[in-house]
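# Structural overview
The lines below spell out each chain.
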Amino acid sequence: MLQLNNLDASYGFLQILWGVSLHVDEGEFVGLIGPNGAGKTTTLRTIAGLLKPTGGEIVFKGQSMNDVPAYQTTRMGISYISEDLNLFPDMSVRENLLMGAYTVREREKQLETLAFVYDLFPRLEEREEQLAGTMSGGERKMLAIARGMMSNPELLLVDEPSLGLAPHLVSDVFQSLQALQETGVTILLVEQRVNATLEITDRAYVLEQGKIVMEGPSAELLTNNHIKEAYLGI
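Looking now at the sheet that holds strand β5 (residues 63-64). If you walk across this open sheet you meet the 4 strands as β2-β1-β4-β5, and the pairing is antiparallel. Every interior strand has two partners, whereas the edge strands, β2 (14-24) and β5, have only one. Pairing analysis gives 7 bridges linking strand β1 (residues 2-11) to β2, with the strands arranged antiparallel. Pairing of Leu2 across the sheet is with Val24, part of β2.

Okay, structure coming up:
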């Protein structure tokens, strides 16, 4: 479904990604792990069209995405949930969710998707009239993920969903992502909690200093000595 071929990306004169190649197949749950500053968020921003690559190619469903603007990537089936969430704090849960469906023109389809999202996230339905700005950190993360689903994406890009959350809330958010994958959504997850990520994903890539240094089935990476020493403290 998604293929990155020798992708380079920069902010001005500062190059962040160096020849990054990875793929995500339809229905997969893939992790992208690595230390702070490795280029994980930059990778997602480039896929989402927020940053233009300086080299290489992004291919989504057989089509080059290098020159596709961010608003068009959403219409093509990619939804990006940033670590900043970008919710509307003075709008209700329901209003935030419907804003996520702005590319879906049929009102009936919007309401069908809303019902689907409420089924996945019953807590949001309970709080549908609550202002997003008054919700807890974990609830806001769930709302951001749910809003990302409102455009009926085929590929969900999720950036650091555990950032700033207490451990028990992290578990809730990760369970929500697993539930989404079980519905058929393809997910590329960027996350610093390496152990938790490798426990829920099918495969993973390790990004260090802007380069992919390791990849493989998540279960195998959990037992890798470099992963244990560098990320798990074992």
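Nonpolar side chains in soluble globular proteins generally cluster together in the buried interior. Counting residues in hydrophobic clusters, the biggest one holds 36 residues, and the most contacted among them are Leu97, Phe121, Leu124, Leu143, Leu156, Leu180 and Ile187. At the level of elements, α3 (93-99), α4 (107-120), α6 (137-149), β7 (155-159), α7 (167-182) and β8 (186-190) are the ones that each hand at least two residues to this core. Apart from residues lying up to four places away in sequence, Leu156 is in contact with Ser79, Ile81, Gly148, Met149, Leu180, Val185, Thr186, Ile187 and Leu188. Leu4, Leu7, Ala38 and Met76 belong to the second-largest nonpolar core, a separate cluster that totals 28 residues.

Right, let's get into the side chain of Gln181. Relative to the helices and strands, Gln181 is located in helix α7. A polar contact is formed between the side chain of Gln181 and the backbone oxygen of Gly27, at a distance of 3.0 Å. If we ignore the near neighbours within four places in the chain, the residues touching Gln181 are Gly27, Glu28, Phe29, Ile187 and Asp202.

Now for the sheet that holds strand β9 (residues 203-208). Strand order in the open sheet formed by 6 strands is β6-β7-β8-β3-β9-β10, and the pairing between neighbours is mixed. At either margin of the open sheet sits one strand with a lone partner, and together these are β6 (78-81) and β10 (211-217). Averaged over all adjacent pairs, the angle separating strand axes in this sheet is 15°, with direction ignored. Relative to β7, β6 is paired through 4 bridges, and the arrangement is parallel. Its bridge partner being in β7, Ile78 is matched across the sheet by Leu155. This element, α6, spans β6 and β7 of the sheet and lies at about 165° to β6. Along the sheet, α7 makes contact with β3 (29-33), β7 and β8, crossing β8 at roughly 155°.

Of all 5 residues in β3, 5 are buried, a share of seventy percent or more. Here β3 shows a buried face lined by Phe29, Gly31 and Ile33 and a second buried face lined by Val30 and Leu32. Note that β3 and β9 share 4 bridges and pair parallel. Each bridged residue has a counterpart across the sheet, and for Gly31 the counterpart in β9 is Ala204.

Time to look at the side chain of Ser151. Locating Ser151 in the fold gives a position in the loop between α6 and β7. Side-chain polar atoms of Ser151 contact the backbone oxygen of Gly148, separated by 3.4 Å. Not counting residues within four places of it along the chain, the set of residues in contact with Ser151 comprises Thr74, Ser79, Gly100, Thr103 and Val104.

A rise of 1.5 Å per residue sets the reference length of α6, with its 13 residues, at 18 Å; its end C-alpha atoms lie 19 Å apart and thus fit the reference within 8%. In terms of burial, α6 is a largely internal element, 11 of the 13 residues being buried. Those residues of α6 that fall on the buried side of the exposure criterion are Gly138, Glu139, Lys141, Met142, Leu143, Ala144, Ile145, Ala146, Arg147, Gly148 and Met149. Here the buried face of α6 lies against β6, α3, α4, α5 (122-126), β7 and α7.

On to α7, then. Taking 1.5 Å of rise per residue, 16 residues should cover 22 Å, and α7 covers 23 Å from first to last C-alpha, within 8% of that figure. All buried positions along α7 are accounted for by Leu169, Val170, Val173, Phe174, Ser176, Leu177, Leu180 and Gln181. On an axial view of α7, the arc spanned by its buried residues comes to 150°, and they lie on one face. Facing away from the buried surface of α7 by more than 90 degrees, the exposed residues are Pro167, His168 and Glu182.

Inspection of the entire model under this criterion finds 7 salt bridges. One salt bridge connects Glu126 with Arg127, and the closest N-O pair in it is separated by 3.4 Å. Overall, Glu126 belongs to the exposed group, its relative accessible area being 63%. A residue is classified by how much of its surface remains accessible, and Arg127, at 26% relative accessible area, is partly exposed. What emerges from the salt-bridge pattern is a single network uniting Glu126, Arg127 and Glu139.

Quick notes on the rules
- Residues numbered from 1 in each chain as written.
- Predicted model: local features only at pLDDT ≥ 70, side-chain atom pairs only at ≥ 80, totals over all residues.
- Heavy atoms only, no water.
- Pairing = 2+ DSSP bridges.
- Helix = DSSP H or I, 4+ residues; strand = E, 2+ residues; numbered from the N terminus.
- Core = buried A, V, L, I, M, F, W, Y, C linked by side-chain atoms within 4.5 Å.
- Buried < 20%, exposed > 50% of the residue type's maximum accessible area, 1.4 Å probe, protein only.
- Contact = heavy atoms within 4.5 Å.
- Polar contact = N/O pair within 3.5 Å; in protein donor to acceptor, adjacent residues only side chain to side chain.
- Axes fitted to C-alpha atoms, helices over the stretch in contact; angles between N-to-C directions.
- Expected span 1.5 Å × (residues − 1).
- Arc of directions from axis to C-beta.
- Salt bridge = Lys/Arg side-chain N within 4 Å of Asp/Glu carboxyl O.

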